[in-house]
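Okay, here's what each chain looks like letter by letter:
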Amino acid sequence: NAGVTQTPKFQVLKTGQSMTLQCAQDMNHNSMYWYRQDPGMGLRLIYYSASEGTTDKGEVPNGYNVSRLNKREFSLRLESAAPSQTSVYFCASMLGTGSFNYGYTFGSGTRLTVV
Amino acid sequence: DAKTTQPNSMESNEEEPVHLPCNHSTISGTDYIHWYRQLPSQGPEYVIHGLTSNVNNRMASLAIAEDRKSSTLILHRATLRDAAVYYCILRGYNTGNQFYFGTGTSLTVIP
């Protein structure tokens, strides 16, 4: 059981380049999330998808777009990367949003550097 | 946001119990208390959660105050592998589909 898989694990981009971070889960979870974590800080929510076919903004959505491709996959796209987007990006999934009893399963992260 | 307050850092000797406190004075009746930890260079992982009663699992225990305004994560016997950042998070109607992570408590385990 792989859980939540993120690719790539590391990436270096030049300012202005675009890229897509991939996330896939095999736990049949309904909800998926993208967080970023800057050095010495907690995680901040970028976007989330409560269920297949829906997406919503989180705390820091500017400069990002997302696609919930199917129930398993949730991608995060940087259209024009900026140095301020240098961070570690975590994808997470959760069984559902119908109960506050549910918790997250996180991926291992993508370390992105924009130069 | 449903706010929690945790100490920035704590230290513990190996093989001794660790009590990690969390204050959540504005907790509402429907808020669950979740604890996650993040080992170095890894994503956060679930530790334990509860609503009103104390909870135990193979990783830790969660002690919830009677008024629910505070809780304590208890690691019964700290090991070097428990060195991590521990996050106390509330989840309920006010937070909806999101978990709000603060900066957590960085636990150092001394051999």
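Each remark here, short or long, concerns the structure printed above.
A few points on the structure.

**Some details on the pattern of salt bridges**
Residue and element names in this part refer to chain A. Taken as a whole and judged by the stated rule, the model has six salt bridges over all chains. Arg 36 is paired through a salt bridge with Asp 38; the nearest N and O atoms lie 2.9 Å apart. You'll find Arg 36 and Asp 38 in the same group, each marked buried. Between Glu 79 and Arg 77 there is a salt bridge whose closest N-O contact spans 3.1 Å. Classification of Arg 77 as partly exposed rests on a relative accessible area of 29%.

**Structural notes on the sheet that holds strand E2 (residues 18–23) of chain B**
Residues and elements named next belong to chain B. Read from one edge of the open sheet, four strands run E2-E7-E6-E5, paired in antiparallel fashion. Here the strands that pair on one side only, and so sit at the sheet edges, are E2 and strand E5 (55–56). With two bridges joining them, E5 and strand E6 (residues 61–64) adopt antiparallel strand pairing. Paired with Asn 56 across the two strands is Ser 61, which belongs to E6.

**Describing the state of the cysteines**
Counted under the stated rule, the structure contains two disulfides over all chains. One disulfide in the model links Cys 23 of chain A with Cys 91 of chain A; its S-S distance is 1.9 Å. The sign of the -75° torsion about the S-S bond sets the Cys 23 of chain A-Cys 91 of chain A disulfide as left-handed. With Cys 23 of chain A in strand E3 (residues 19–25) and Cys 91 of chain A in strand E9 (residues 87–94), this residue pair connects regions lying 68 residues apart in the sequence. Both residues of the pair, Cys 23 of chain A and Cys 91 of chain A, belong to the buried class. With its sulfur 2.1 Å from that of its partner, Cys 22 of chain B forms a disulfide with Cys 88 of chain B. Disulfide Cys 22 of chain B-Cys 88 of chain B: torsion about the S-S bond near -80°, hence left-handed. Of the two residues, Cys 22 of chain B is situated in strand E2 and Cys 88 of chain B in strand E8 (residues 84–91); the sequence distance between them amounts to 66 residues.

**With respect to the side chain of Thr 105 of chain B**
Residue and element names in this part refer to chain B. When you line up the elements, Thr 105 lands in strand E9 (residues 105–110). Overall, the relative accessible area of 1% leaves Thr 105 in the buried class. From its side chain, Thr 105 meets the backbone oxygen of Pro 7 in a polar contact 2.6 Å long. Sequence-distant contacts of Thr 105, that is, excluding residues within four places in its chain, are made with Gln 6, Pro 7, Asn 8, Ser 9, Met 10, Leu 20, Ala 84, Val 85 and Tyr 86.

**Describing the interface of chain A and chain B**
Each partner contributes residues to the interface: chain A has 25 residues there, and chain B has 22 residues. Summed over both sides, the interface between chain A and chain B buries roughly 1,800 Å², with carbon and sulfur atoms accounting for 55% of that surface. Viewed at the interface, chain B and chain A are joined by zero salt bridges. Taken together, the links from chain A to chain B amount to four residue pairs in polar contact (both at pLDDT 80 or more). Of the residues assigned to the side of chain A that touches chain B, the class counts are 13 nonpolar, 10 polar and two charged.

About the cut-offs
- By convention here, each chain's residues receive numbers from 1 onward along its written sequence.
- To label them, take the chains in the order written and letter them from A, then take the ligands in the order written and number them from 1.
- The model is predicted, so local features are restricted to residues of pLDDT at least 70 and side-chain atom pairs to those at 80 or more, both for listing and for counting; the totals for chains, interfaces and linings are taken over all residues.
- Working from all heavy atoms in the structure, the side-chain values ignore hydrogens and water.
- In what follows, salt bridge is the name for a side-chain nitrogen of Lys or Arg lying within 4 Å of a carboxyl oxygen of Asp or Glu.
- Each residue's exposure class comes from its accessible area (1.4 Å probe, protein chains only) as a fraction of the maximum for that residue type: buried when under 20%, exposed when over 50%, partly exposed otherwise.
- Strands were regarded as paired on the criterion that DSSP finds at least two bridges between them.
- Counting from the N terminus, the helices are the DSSP runs of H or I reaching at least four residues and the strands are the DSSP runs of E reaching at least two.
- Pairs of cysteine sulfur atoms within 2.5 Å are what we label disulfides.
- Whenever two N or O atoms come within 3.5 Å, that pair is a polar contact, provided that in protein one can donate a hydrogen and the other can accept it, and provided that, for residues adjacent in sequence, both atoms are side-chain atoms.
- We call two residues contacting when some pair of their heavy atoms lies within 4.5 Å.
- Two parts placed together each lose some accessible area; with a 1.4 Å probe, that loss summed over both constitutes the buried area.
- Amino acid classes used here: Ala, Val, Leu, Ile, Met, Phe, Trp, Tyr, Cys and Pro are nonpolar; Asp, Glu, Lys and Arg are charged; the rest, including Gly, are polar.

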